[in-house]
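Summary of structural features
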Amino acid sequence: MRPILPAFVLLVTASIGVAQTTTATLTIDASHPAAPVSPMLYGIMSEEINHAWDGGLYGELVSNRTFQPPRRAGRPPQNWIVIENGNSEATLSVDTDSGPSKALAASLKLDVLSADAHSTAGFFNTGYWGIAIRPATTYRGSFYAKVADSYLGPITIRLVHNQTNAVAASTTVPALTSEWKQVHFTLKTGTVQPSANYRLEFLATHPGTAWFTLLSLFPPTWHEQPNGFRPDLMEKLEALHPKFLRFPGGNFLEGQHLPDHFDWKRTVGPLVDRPGHPTPWMYRSSDGMGLLEMLTWCEDLHMEPLLAIFSGYALDHTHINPGTDLAPYVQDALDEIEYITGDVSTHWGAERARDGHPAPFPLHYVEIGNEEYHDPSGTYDARFAQFYHAIKKDHPHLQIVASAPVTSAHPDLIDDNDHEAQRHFYRTAKQFFDDVHRYDTYDRNGTKILVGEWATREGTPTTNLGAALGDAAWMTGLERNSDIVAMASYAPLFVNVSPFAMQWEGDLIGFDALTSYGSPSYYAQVMFSNHLGDQILGSTLNTANPLLFESVTCDAKTGRIYLKLVNASSEPQSVDVKINGGGTIRAGMTITTLRGATTKDTNSITDPQHVVPIVSHKNTAKASFRHLVPQYAIQVLEIERKP
Ligand code: AHR
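The structure reproduced in this document is the subject of the present report. (Residues numbered from 1 in each chain as written. Predicted model: local features only at pLDDT ≥ 70, side-chain atom pairs only at ≥ 80, totals over all residues. Heavy atoms only, no water.)

1. Section: the overall build of the protein chain
Counting secondary structure elements, the protein chain contains ten helices and 36 strands. Here the C-alpha radius of gyration of the protein chain, 28 Å, is about what a compact globule of 643 residues would show, namely 26 Å. Counting only C-alpha atoms and orienting by the principal axes, one finds that the protein chain spans roughly 90 × 70 × 45 Å. Of all 643 residues assigned to the protein chain, the portion counted as buried reaches 58%. Accessible area of the protein chain: about 25,600 Å², with a carbon and sulfur share of 54%. Of the side-chain charges in the protein chain, 47 are positive and 68 negative, and the distance between the mean point of each set is 6 Å. (Helix = DSSP H or I, 4+ residues; strand = E, 2+ residues; numbered from the N terminus. Rg over C-alpha atoms; globule rule 2.2 N^0.38 Å. Buried < 20%, exposed > 50% of the residue type's maximum accessible area, 1.4 Å probe, protein only. Areas by Shrake-Rupley, 256 points an atom, 1.4 Å probe, with all protein chains shown as cover. Lys, Arg positive; Asp, Glu negative; His and termini not counted. Charge placed at Lys NZ, Arg CZ, Asp CG, Glu CD.)

2. Brief notes about the packing of aromatic side chains
The description of an aromatic ring pair rests on the distance of the ring centres and on the angle between the ring planes. Under the defined criterion, the tally for this structure stands at 30 aromatic pairs. Between Phe 67 and Trp 80 the ring centres are 5.6 Å apart and the planes differ by 45 degrees, which places this aromatic pair in the tilted class. With Phe 67 in the loop between strand 3 (42-45) and strand 4 (80-84) and Trp 80 in strand 4, this pair connects stretches of sequence that are 13 residues apart. Of the two residues, Phe 67 and Trp 80, neither departs from the other in class, the shared state being buried. Judged by centre distance (5.3 Å) and plane angle (75 degrees), the ring pair of Trp 454 and Tyr 490 falls under edge-to-face. You can see Trp 454 sitting in strand 23 (residues 448-456) and its partner Tyr 490 sitting in strand 24 (residues 485-490), a full 36 residues away along the chain. (Phe/Tyr/Trp six-rings, centres within 6.5 Å; stacked < 30°, edge-to-face > 60°.)

3. A short note on the nonpolar core
The biggest cluster of nonpolar side chains holds 116 residues, and the ones touching the most others in it are Trp 297, Ile 391, Val 451, Trp 454 and Ile 634. Looking at which element gives the most residues to this core, the answer is helix 9 (residues 465-480), with eight residues. Apart from the residues within four sequence positions on either side, Trp 297 is in contact with Ile 44, Ser 46, Trp 53, Leu 57, Phe 229, Met 234, Leu 237, Leu 245, Met 289, Met 303 and Leu 493. Formed by 38 residues, the second largest nonpolar core is a distinct cluster that contains Val 62, Ala 145, Leu 159 and Phe 185. (Core = buried A, V, L, I, M, F, W, Y, C linked by side-chain atoms within 4.5 Å. Contact = heavy atoms within 4.5 Å.)

4. Regarding the layout of surface pockets
In this structure, the largest pocket encloses a volume near 820 Å³. Around the largest pocket sit 32 residues that line it, and Gln 225, Pro 226, Asn 227, Gly 228 and Leu 271 are the ones nearest its centre. Among the elements of the structure, strand 9 (138-147), strand 12 (181-188), strand 14 (208-218) and helix 4 (291-300) are those that each provide at least two residues to the lining of the largest pocket. Ranked by the residues each element gives to the lining of the largest pocket, the list is headed by strand 9, at five residues. Here the residues of the lining of the largest pocket are counted per class, giving twelve nonpolar, 14 polar and six charged. (1 Å grid on protein atoms, 1.4 Å probe; cavity = no way out; pocket = protein on both sides within 12 Å on 5 of 7 lines; lining within 4 Å. Points joined across faces, edges and corners; volume = space filled by probe spheres on them. Nonpolar A, V, L, I, M, F, W, Y, C, P; charged D, E, K, R; others polar.)

5. Here we look at the packing of helix 4 against helix 5 (residues 327-341)
For the pair helix 4 and helix 5, the least separation of the axes is 11 Å and the interaxial angle reads 45 degrees. In terms of their interaxial angle, helix 4 and helix 5 are classed as oblique. Classified by chirality, the crossing of helix 5 by helix 4 is right-handed. Along the contact surface, helix 4 presents Leu 291, Leu 292 and Leu 295, while helix 5 presents Glu 336, Tyr 339 and Ile 340. Of the residues assigned to the contact of helix 4 with helix 5, the class counts are five nonpolar, no polar and one charged. (Axes fitted to C-alpha atoms, helices over the stretch in contact; angles between N-to-C directions. Parallel < 35°, antiparallel > 145°, perpendicular 65-115°, else oblique. Left-handed = near helix turned anticlockwise from the far one by under 90°.)

6. Examining helix 5
For an α-helix, the turn length of 3.6 residues means that residues three or four places apart are oriented alike. Between its first and last C-alpha, helix 5 extends 21 Å over 15 residues, near the 21 Å set by a 1.5 Å rise per residue. Of the residues making up helix 5, those classed as buried are Val 330, Ala 333, Leu 334, Asp 335, Glu 336, Ile 337, Tyr 339 and Ile 340. On the buried face of helix 5, the contacting elements are helix 4, strand 18 (304-309), helix 6 (347-354), strand 19 (365-368) and helix 7 (380-394). (Expected span 1.5 Å × (residues − 1).)

7. Things to note about the site of the ligand
In the neighbourhood of the ligand, the contacting residues comprise Glu 47, Ile 49, Gly 250, Asn 251, Trp 281, Asn 370, Glu 371, Tyr 426, Glu 453, Pro 492 and Trp 504. Between Glu 453 and the ligand, the recorded distance is 2.8 Å, taken from a side-chain N or O atom to an oxygen atom. Burial of the ligand by the surrounding chains reaches 96%, relative to a free accessible area of 280 Å². Classifying every residue of the shell around the ligand gives five nonpolar, three polar and three charged. (Near = heavy atom within 4 Å. Polar contact = N/O pair within 3.5 Å; in protein donor to acceptor, adjacent residues only side chain to side chain.)

8. A short note on helix 2 (residues 231-240)
Of the residues making up helix 2, those classed as buried are Asp 232, Leu 233, Met 234, Lys 236, Leu 237 and Leu 240. Directly after helix 2, the chain includes His 241, whose backbone phi takes a positive value near 45 degrees.

9. Things to note about empty space enclosed by the protein
Enumeration over the complete set of coordinates arrives at three cavities of 30 Å³ or more. Quantified by volume, the largest cavity comes out at close to 100 Å³. Around the largest cavity, the lining residues are Leu 253, His 261, Phe 262, Asp 263, Trp 264, Ile 309, Phe 310, Tyr 329, Asp 332, Ala 333 and Glu 336. The element best represented in the lining of the largest cavity is helix 5, accounting for four residues. Partitioning the lining of the largest cavity into residue classes produces seven nonpolar, one polar and three charged.

10. Examining the sheet that holds strand 14
Hydrogen bonds along the backbone pair up the strands of a sheet, which may run parallel or antiparallel. With antiparallel pairing, the five strands of this open sheet are ordered in space as 5-6-14-9-12. One side of each edge strand has no neighbouring strand; the edge strands of this open sheet are strand 5 (89-95) and strand 12. Averaged over all pairs of adjacent strands, the angle between their axes in this sheet comes to 30 degrees, without regard to strand direction. Inspection of the sheet shows strand 9 paired to strand 14 by seven bridges, in the antiparallel sense. When the sheet's bridge partners are listed, Arg 140 is paired in strand 14 with Phe 218. (Pairing = 2+ DSSP bridges.)

11. Brief notes about unusual backbone geometry
In this model, Phe 247 is joined to Pro 248 through a cis peptide bond whose omega is 0 degrees. Among the structural elements, Pro 248 can be located in the loop between strand 15 (244-247) and helix 3 (251-254). Note the cis peptide between Thr 460 and Pro 461, where omega equals 0 degrees. Relative to the helices and strands, Pro 461 is located in the loop between strand 23 and helix 9. With phi around 55 degrees, His 51 is a residue other than glycine that occupies positive phi space. On the secondary structure map, His 51 appears in the loop between strand 3 and strand 4. Accessibility expressed as a relative area gives 9% for His 51, which makes it buried.

Written out as structure tokens, the structure is:
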């Protein structure tokens with residue numbers, strides 16, 4: 001008969017879990033490195049999706065700032081609302097025939113029929129799911145405007161609380177002129193509560209007609225750069241220490257239709273000359289985040305650009321024929337490379353200098369197209385060769401990545417994909433567990449691998465602990481094989497978690513207008529990329545637990561060993577670690593642990609720190625020691641060694 005356990009014993013057992021019955025053994029060969037770790041292994045991938053940039057990383061607070069494309073006649077402009085305070089009367093419409101530039105040929109037309117100092121009239125912008133403000137902060141704004149002959153007077157601009165109508169900041173600009181002119185202003189907040197519940201108002205006190213466009217308001221940006229980035233999101237990326245940025249897409253590069261592809265020339269230069277363009281993700285890109293901004297983003301975070309080049313193929317399966325039809329696109333790519341790397345004596349290098357960045361950017365990697373295995377025409381091979389030869393002729397040092405298998409030329413890297421699913425690696429945790437050994441058998445002399453997009457898609461809007469376990473298991477495989485897997489970038493990076501902002505579930509970093517948070521997958525990435533070392537150590541894991549995974553690397557200079565253990569099972573797992581050769585092990589060991597009670601544990605905008613890494617120290621490291629990995633846990637053991 002089984003003894004009946006007292007209640008308190010049951011409780012304790014439940015909270016610590018029942019250890020796996022058999023202890024695993026992990027033998028590490030520290031006597032010599034098995035191979036070097038790729039110095040470029042962990043990067044990030046980003047594109048305009050989920051309001052990653054507009055309404056996200058790109059600091060602009062005003063949504064639909066240029067009224068592009070103009071909406072059908074009679075339809076009110078999106079995100080702009082007329083204000084008729086007191087007895088005032090006004091109408092708001094989009095004028096498709098008046099704008100300050102060829103690119104911005106439409107504008108917001110305000111007709112004030114009656115207004116005075118007590119009954120003001122105008123319009124407000126709703127922001128991207130609200131305008132976020134903070135106390136004692138300066139906001140810099142601008143707009144283009146002109147008036148008809150009628151007298152409208154000065155314009156007052158205010159940040160106003162949506163519920164209480166409290167004014168957090170206000171300023172007045174002088175009367176507008178009859179020619180299009182850019183007007184600058186600043187708004188300073190005082191003692192206010194941080195909140196995203198604000199709107200941006202523009203008010204007149206006299207009747208008249210005026211046109212406005214490129215209405216803009218920026219909070220303080222990362223390193224105070226003009227037209228810059230949101231600091232909290234940059235800080236999160238900085239903590240990842242990404243080695244490269246793969247951009248600008250993804251599907252965003254390709255476009256739904258050929259004319260909608262990322263046409264880099266229309267994304268550089270003054271904002272007033274950028275028309276924006278439709279994205280495949282159901283909203284239009286302002287292209288305020290253009291090619292130059294992406295390059296400065298790389299510069300800011302010390303990331304190598306991995307530039308994806310439009311290859312003449314769109315998501316609707318249309319393509320440009322290789323040969324003379326494709327030649328202008330190849331020339332665009334060469335121009336793009338010159339814009340990035342040319343000195344100021346070159347045409348496009350001089351253009352970049354005019355845009356504010358005289359120094360060339362480093363560029364070592366370009367990818368031709370995205371997910372070209374979807375192209376039913378079978379023309380990628382020939383299109384790739386045309387780009388490849390033209391680029392290599394002028395820039396032999398550039399590493400060229402093929403986005404699908406090719407035979408016409410020898411790419412330096414291939415962007416690998418899930419061959420069965422015919423797409424990048426968007427998978428369940430189980431699929432990653434089952435494929436952890438994918439690269440173990442790859443030809444060591446074959447083409448180097450870029451894993452250009454990958455993620456465990458479990459949890460929404462951001463991924464949960466179960467996904468982080470899938471990711472971490474997969475990363476152990478990438479690390480152990482990082483002599484052949486040269487680069488890997490998780491995707492998608494960002495999601496705005498506000499209603500209807502998301503197009504793709506299962507993202508790494510979530511945010512709303514005010515705050516942001518990292519998913520458990522984000523913390524798994526932080527742990528892996530910050531504890532990488534530069535040499536792979538051979539290891540042999542013997543275990544009856546199919547959900548236990550490992551990778552071992554070390555730092556050649558310090559001797560420190562990074563042992564990563566992933567236990568995706570529901571029970572703790574003890575592991576006998578044996579380190580053979582390679583010097584003396586010191587007892588002190590730092591352990592970073594990401595764990596939870598269930599795979600569904602997650603972080604959110606309201607509970608951002610539910611699953612975060614915890615750092616602890618133990619004095620138990622020796623050449624042989626026993627270690628207990630908790631259930632549902634990702635661990636990095638930093639073992640000190642005197643080589
Ligand atoms: O990451 C989301 C999309 O998934 C990318 O745009 C595309 O390359 C992939 O299919």
